[in-house]
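As a plain string of letters, each chain reads:
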Amino acid sequence: MKYKNVELYNVEEIKKENDGFQLLRIPEALREKLNESAKNASLYPSGCEIRFNLKSEKAKIFLKGINGNGICEVFFGDFFESWRLIKNEITEIEIRYPQNIDKLKIWSEEKKLKFDPELVRVILPHLLITKIIDIEGEFELPERNQTPQIKYLAYGSSITHGASAVRPTGTYAFKTAQLLNVDLINLGFGGGAHLEKEIADYIAERDDWDFATFELGINMVGGFEVEEFEKRVDYFIEKIVSKKGDKKLFFIDIYPFFMDYENQEKQMKFREIVKNKVKEINRDNVIHISGFDILKSLKGLAFDILHPSPFGMEEMAYNLSNILKKYITD
Amino acid sequence: MIYRNIEFYNVEEIFEKSNGLQLSRIPERVREKLNDNAKTRAIMPAGCEMRFNLKSKKAKIGVKADMEVVWRTGICEIYFGDFFHSWHFVNENPSVIEIEYPQNLEKLKELKNKKNLKFDPSVVRIILPHLVDLRIIDIEGEFEPPSKNQLPDKRFLSYGSSITHGGFSIVPTYTYVAKTAYILGMDALNLGFGGGAHLEKEIADYIAERDDWDFATFELGVNMVGGFEVEEFEKRVDYFIEKIVNEKIEKYLFFIDIFPFYMDFDNEEKQKKFRNIVKNKVKQINKKNVIHISGFKILKDVRGLMTDRVHPSSQGFEEMGYNLASILKKYIF
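Residues numbered from 1 in each chain as written. Chains lettered and ligands numbered in written order. Predicted model: local features only at pLDDT ≥ 70, side-chain atom pairs only at ≥ 80, totals over all residues.

Participant: I keep staring at the overall build of chain B and nothing clicks. Help me out?
Facilitator: Across its full length, chain B carries ten helices and 17 strands. In summary, chain B has a C-alpha radius of gyration of 20 Å against a globular reference of 20 Å for 333 residues, a match within 12%. Across the 333 residues in chain B, those meeting the buried criterion constitute 51%. Within chain B, contacts between residues at least 6 apart in sequence are counted, and of these 77% link residues at least 24 apart. (Helix = DSSP H or I, 4+ residues; strand = E, 2+ residues; numbered from the N terminus. Rg over C-alpha atoms; globule rule 2.2 N^0.38 Å. Buried ≥ 20, exposed ≤ 12 C-beta atoms within 10 Å, placed from the backbone. Contact = placed C-beta atoms within 7 Å.)

In structure tokens form, the structure reads like this:
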């Protein structure tokens, strides 16, 4: 969305407060209909960026974390510049174009990069509710040709959201987008991927994405019966397929986690449900991906044997982007 | 080295300063003979870890960044063996890292054995911030140093510039050296010195005399291409490579020339001569275990460089780790 003359990327609404505003990745009207975890997780700006062309000599961005610490990264287009820790006090980030911006632009043209280096990208912490206190400077909104034309939407659990990556560009969804040279819309909700009718309808209605991955199952395998999951998967997949029949749709089942190492069965049934539903749909552009093909190494999991480690996120992105590449052409 | 029953991995010297312990990656007798950049960078704990078995319920490690010489903050990462646990921000204000074993430690150990991982999850690893002049201000707890069978059995050494050191990755394990080690399931000794890889006789002699590494990578050139003539670089490369090859004739030795950077894109020539010197020297040595690697084979995507067009971004370090590990794998397994 636009705010003043900057784009708040992957932000659908802002929630004004006395000293600034919070960011919502989904509209409030939808948010209030989702489960508590998704309600909460949608306030975390995973995959959210402040994007602008800087027209004054410098910009100042004032950020504050609500519930812990997180990392904010500053990029000029595709190029990393610096990072800052965001904590529970106001942090000022000053931004100027690097002296060699013209070189970066030439380079970018030569190499046909998708992000214009003149586009400033303040990539917000993915695991910290972050309030924007103020944005100072003169800005112009990004133009269409300054960002990748292809938009990739990723729906899923905390794993898609980005736990346990340390930096916001370290999530598998972000890295996959980077490797494919596309722009990410992150709709991962820690604990909250319950596949409600409302979120399915919402994603199906959005017209700003070109392909999507849906990571289904992990947030329901604990608290829901197999039958309920199946019912929701039926609606979710059918709805998305019926509205977006022209797009490539990838349905990923549960990534390996502790239940797999404890010889449990329920998660296997959940995986079968996703796989069988995709099979039943029987269309070339609707593709099932096994979670086991994405995260193969045990040490790619953090100590909780549930969330990928920073290294695991990398492995996932390499594997996922290699699969997606076969279907997505630039 | 062992200090208070903790293994300070990749640390060769500990200075007890008035505001805490300062760590050095090379012995003082070597450090004092090197260039000023290497002197300063040697005390930044790149690739350094505190490793221990925790014998008390809890450990508390107090840390801070000394800002007098190096004005930089950083991040510590906490692992249980191969398993990532959490991260901790380090700045000029003292802070405490609290450690307790996770409740599922037994499960992690069982999985480690089943999957043949290299690090025992009982080994607590505090991976120290790689670009900070760190002070350890307090150590509380009961510890035992790791035993040999709790750690990877192979270890490689990486010498080089700030790129090997890990500048300017956010997190200490996001360097190409740490990634390569992770992918190969080995331990790495990071001897990257930002701005300081001047290939002095003293550092060549020192690396050649160490007997704690199985193979090594040497990244040569970028720190000399600005301030040194071609002839001087050639002279130093001659000594450096010959010395290491002579002393470590039985080991795999990989000599990497300059990774792509702005001079390549500004159509300059000098860096090409530097690359040729490394390549030709390796060719002249003519031994199967002495291998030249082109920097262009390691970092291919320009988006892997940050805005200064010299240092890799996190994305670049990832790519480098994958590419380097793939090349090394062909030789060392």
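Participant: Would you explain the overall build of chain A in this entry?
Facilitator: The number of helices and strands found in chain A is ten helices and 17 strands. Over its C-alpha atoms, taken along the principal directions, chain A stretches across nearly 60 × 45 × 40 Å. Across the 330 residues that make up chain A, the buried fraction comes to 52%. Pairs at least 24 residues apart make up 77% of the contacts formed inside chain A by residues separated by at least 6 positions.

Participant: Whenever I open this one, the domain arrangement of chain A confuses me. Can you help?
Facilitator: The accessible area lost on association of the parts is a frequent measure of interface size. All names here are of chain A. Along its sequence, chain A is carved into domain 1 (2-145) and domain 2 (151-325). Opposite the 23 residues of domain 1 that make contact, domain 2 presents 25 residues. The set of elements that each furnish at least two residues to the side of domain 1 that touches domain 2 consists of helix H2 (36-41) and strand E7 (70-76). Here the element with the most residues in the side of domain 1 that touches domain 2 is H2; it accounts for three residues. Residue composition of the side of domain 1 that touches domain 2, by class: twelve nonpolar, seven polar and four charged. (Domains from an automatic or database assignment. Nonpolar A, V, L, I, M, F, W, Y, C, P; charged D, E, K, R; others polar.)

Participant: How should I be thinking about the domain arrangement of chain B in this particular structure?
Facilitator: All names here are of chain B. Domain boundaries in chain B define domain 1 (2-150) and domain 2 (155-332). Measuring from the centre of the C-alpha atoms in domain 1 to the corresponding centre in domain 2 gives 25 Å. Each partner contributes residues to the interface: domain 1 has 22 residues there, and domain 2 has 26 residues. When contributions to the side of domain 1 that touches domain 2 are tallied by element, the ones reaching two or more residues are helix H2 (36-42) and strand E7 (74-80). In terms of residues, the side of domain 1 that touches domain 2 owes the most to one element, H2, which gives four residues. Residue composition of the side of domain 1 that touches domain 2, by class: twelve nonpolar, five polar and five charged.

Participant: Help me understand the nonpolar core, please; the structure alone is not making it clear to me.
Facilitator: One recurring pattern in soluble globular proteins is that nonpolar side chains are buried together. The biggest cluster of nonpolar side chains holds 205 residues, and the ones touching the most others in it are A:Tyr152, A:Ala212, A:Phe251, B:Cys76 and B:Phe255. Sequence-distant contacts of B:Phe255, that is, excluding residues within four places in its chain, are made with B:Phe218, B:Leu220, B:Ile241, B:Val278, B:Val282, B:His292 and B:Ile293. (Core = buried A, V, L, I, M, F, W, Y, C linked by C-beta atoms within 7 Å.)

Participant: For this particular structure, what's the right way to read helix H5 (residues 176-184) of chain B?
Facilitator: For an α-helix the count is 3.6 residues per turn, leaving residues at separations of three or four pointing the same way. Residue and element names in this part refer to chain B. Here H5 lies mainly inside the structure; eight of its nine residues are buried. Among the residues of H5, Tyr176, Val177, Ala178, Lys179, Thr180, Ala181, Tyr182 and Leu184 are the ones counted as buried. Downstream of H5 by one or two residues, Gly185 has phi in the positive range, about 70 degrees.

Participant: Explain the sheet that holds strand E16 (residues 248-252) of chain A here, please?
Facilitator: Hydrogen bonds between backbone atoms are what pair the strands of a sheet, whose relative direction is either parallel or antiparallel. Residue and element names in this part refer to chain A. A sheet is described by the order of its strands in space; here five strands give the open sequence E14-E13-E15-E16-E17, paired in parallel fashion. Two strands lie at the open edges of the sheet, namely strand E14 (183-188) and strand E17 (286-289), each paired on one side alone. Sheet twist, expressed as the mean angle between neighbouring strand axes with direction ignored, is 15 degrees. Along the sheet face, helix H9 (residues 266-281) touches E16 and E17 and points at about 155 degrees away from the line of E17. (Pairing = 2+ DSSP bridges. Axes fitted to C-alpha atoms, helices over the stretch in contact; angles between N-to-C directions.)

Participant: Just to check I follow, could you spell out unusual backbone geometry for this structure?
Facilitator: Glycine aside, negative phi is the norm for most residues, and most peptide bonds take the trans geometry. Following A:Ala163, the chain continues to A:Ser164 via a peptide bond in cis, the omega torsion being 10 degrees. Inspection of the secondary structure puts A:Ser164 in the loop between helix H4 (158-161) and helix H5 (172-180). Of the consecutive residues B:Gly167 and B:Phe168, the connecting peptide bond is found in the cis state with omega at 0 degrees. For A:Lys4, which is not glycine, the phi torsion reads 50 degrees and is therefore positive. Relative to the assigned elements, A:Lys4 resides in the loop between strand E1 (2-3) and strand E2 (6-9). Owing to 11 C-beta atoms within 10 Å, A:Lys4 belongs among the exposed residues under this scheme. A positive phi is found at A:Asn282, a non-glycine position, where the angle reads about 55 degrees. Mapped onto the secondary structure, A:Asn282 falls in the loop between H9 and E17.

Participant: How should the interface of chain B and chain A be read in this particular structure?
Facilitator: With 28 residues of chain B at the interface, the matching set in chain A holds 31 residues. When residues of the side of chain B that touches chain A are traced back to their parent elements, those giving at least two are E7, strand E8 (83-90), helix H3 (105-115) and helix H10 (314-332) of chain B. A total of five residues in the side of chain B that touches chain A trace back to one element, the largest contributor, which is E8(B). Classifying every residue of the side of chain B that touches chain A gives 16 nonpolar, seven polar and five charged.

Participant: I tried to follow the pairing of E7(B) on my own but got confused; where do I start?
Facilitator: Look at any regular strand and the pattern is simple: side chains alternate between the two faces of the sheet. Residues and elements named next belong to chain B. Across the seven residues that make up E7, a large majority, seven, are buried. Where burial is concerned, the two faces of E7 agree: the one with Gly74, Cys76, Ile78 and Phe80 and the one with Ile75, Glu77 and Tyr79 are both buried. Of the strand pairs in this sheet, E7 and E8 are connected by seven bridges, and their pairing is antiparallel. Residue pairing for E8: Phe80 is matched across the bridge by Phe83. Where E7 hands over to E8, the hairpin turn is made up of two residues, of which Gly81 adopts a positive phi near 65 degrees. As paired strands, E7 and strand E10 (residues 123-127) are joined by four bridges and run antiparallel to one another. Counterpart to Ile78 in the pairing with E10 is Ile126.

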